[in-house]
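# Residue-level structure breakdown
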Amino acid sequence: MQQINKVAVLGAGVMGATIAAHLANAGISVLLLDIVPREVTAAEGAAGLTLADRAVRNRIAAVGRDGLIKMKPAPFFLPGYAANIEVGNFDDDMAKLKEYDWVIEVVVENMAIKKQIFTEKVVPNLKEGAVLSTNTSGLSVNEMAECLPENVRKNFLVTHFFNPPRYMRLLEIVSCSYTDPAVTAFMADFIS
């Protein structure tokens, strides 16, 4: 089994951002992605920025990462670990997934949205052999796996972090019907 040196976290809300911080604390390079905003803020417009500017396009992920610095309890061991998190967006940066060993989906708890992200965004860009997981706590992992190609299904499972990840030393691993037992064992060992 491979090593995990780089992890992409899809979804920069509280849970996605704090998972990214927890991984950054371990010295892992993290790519934190989220959607492209639909419009510029008043401050962005006043600064002359448009929806074409990367600062605007990456705003949601950047706000997620930057908010970690002020969060209590602190998700980072040291604030400088924020530098281990690169931000981007689902439209411009999905091709970067080819460089990542583990991709964690942490978007809204909606099966249709998760399946759409997997089929349209993740699968076309996933590195061969990469682990793909979802942070869901209530949706069917088997139903999600059904939308994945067979070669991806064997590396797909739930990695459900409890909130806040740095302080809750709990992580639920749930294999789907297709998960290779060696992948489950590897992830359990890596995460522990």
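Residues numbered from 1 in each chain as written. Predicted model: local features only at pLDDT ≥ 70, side-chain atom pairs only at ≥ 80, totals over all residues. Heavy atoms only, no water.

### Focus: the state of the cysteines
A covalent bond bridging the sulfur atoms of two cysteines is what the word disulfide describes. Inclusion rule: Any two cysteine sulfur atoms lying within 2.5 Å of each other are counted as a disulfide. Here the term buried applies to any residue with accessible area under 20% of the maximum for its type, exposed to any over 50%, and partly exposed to those in between, with areas from a 1.4 Å probe on protein chains only.
Taken as a whole and judged by the stated rule, the model has zero disulfides. Here C147 stays free of any disulfide, with the sulfur of C176 as its closest cysteine sulfur at 11 Å. Exposure remark for C147: the relative accessible area of 23% places this residue in the partly exposed category. Since its relative accessible area comes to 8%, C176 is described here as buried.

### Here's the deal with the packing of aromatic side chains
What counts, and what does not: Two aromatic rings from Phe, Tyr or Trp, using only the six-membered ring of Trp, form a pair when their centres are within 6.5 Å; if the ring planes differ by under 30 degrees the pair is stacked, by over 60 it is edge-to-face, and anything between is tilted. Charges are assigned to positions over rings by a cutoff of 6 Å between ring centre and Lys NZ or Arg CZ, combined with an angular limit of 35 degrees from the ring normal.
Applying the stated criterion across every chain, the model contains four aromatic pairs. Ring centres of F77 and Y81 lie 6.4 Å apart, and the angle between their planes is 80 degrees; this geometry places the pair in the edge-to-face category. Chaining the aromatic ring pairs together yields one cluster made of W102, F186 and F190. It is K6 that lies over the ring of Y100; its NZ or CZ is 4.7 Å from the centre. Here the guanidinium or amino end of R153 rests over the ring plane of Y178, the centre of that ring lying 4.6 Å away.

### A word on the environment of E44
Spelled out, the test is: Secondary structure counts use DSSP, requiring at least four H or I residues in a row for a helix and at least two E residues in a row for a strand, with both numbered from the N terminus. The criterion used for residue contact is that any of the two residues' heavy atoms lie within 4.5 Å.
Secondary-structure assignment places E44 in helix α2 (residues 42-46). The exposure class assigned to E44 is buried, which follows from its relative accessible area of 9%. A C-alpha to C-alpha distance of 32 Å links E44 and P124, two positions 80 residues apart in sequence. Leave out the neighbours within four places in its chain, and E44 touches E39, L49, A55, V56 and R59.

### Remarks on the environment of L126
Relative to the helices and strands, L126 resides in the loop between α5 (111-122) and β5 (131-134). Look past the residues within four positions of L126 in its chain and what remains in contact with it is V103, L132 and V152.

### Observations regarding the sheet that holds strand β6 (residues 156-161)
Note the following rule: For two strands to be treated as a pair, DSSP must find no fewer than two bridges joining them. Whenever a helix is involved, its axis is fitted only over the stretch in contact; in every case the axis is a line through C-alpha atoms, and angles between N-to-C directions fall within 0 to 180 degrees.
Strand order in the open sheet formed by seven strands is β3-β2-β1-β4-β5-β6-β7, and the pairing between neighbours is mixed. Whereas interior strands pair on both sides, the edge strands pair on one side only; in this sheet they are β3 (85-89) and β7 (171-175). Each strand axis lies, on average, 25 degrees off the axis of its neighbour in the sheet, ignoring direction. Here five bridges tie β6 to β7, and the two strands are oriented antiparallel to one another. Considered in β7, the bridge of V158 is made with V174. Each of β1 (6-10), β2 (29-34), β3, β4 (102-105) and β6 is contacted by helix α1 (residues 14-25), which is oriented at about 170 degrees to β2, the strand it contacts most.

### Brief notes about the pattern of salt bridges
Oppositely charged side chains can pair when the atoms bearing their charge come close. What counts is decided by this rule: Each reported salt bridge corresponds to a side-chain nitrogen of Lys or Arg within 4 Å of a carboxyl oxygen of Asp or Glu.
For the structure on display, the rule yields 14 salt bridges. Measuring nitrogen to oxygen at the nearest pair gives 3.3 Å for the salt bridge that ties K6 to E99. Taken together, the residues K6 in strand β1 and E99 in the loop between β3 and β4 connect sequence positions 93 residues apart. You can call K6 partly exposed: its relative accessible area is 25%. The residue D92 makes a salt bridge to R57 at a minimum N-O spacing of 2.6 Å. You can see D92 sitting in the loop between β3 and β4 and its partner R57 sitting in helix α3 (residues 54-57), a full 35 residues away along the chain. Taking the relative accessible area as the measure of exposure, R57 reaches 17% and is therefore buried. Each of R54, R57, E86, D92, D93 and K96 takes part in salt bridges that share partners, so that together they form one network.

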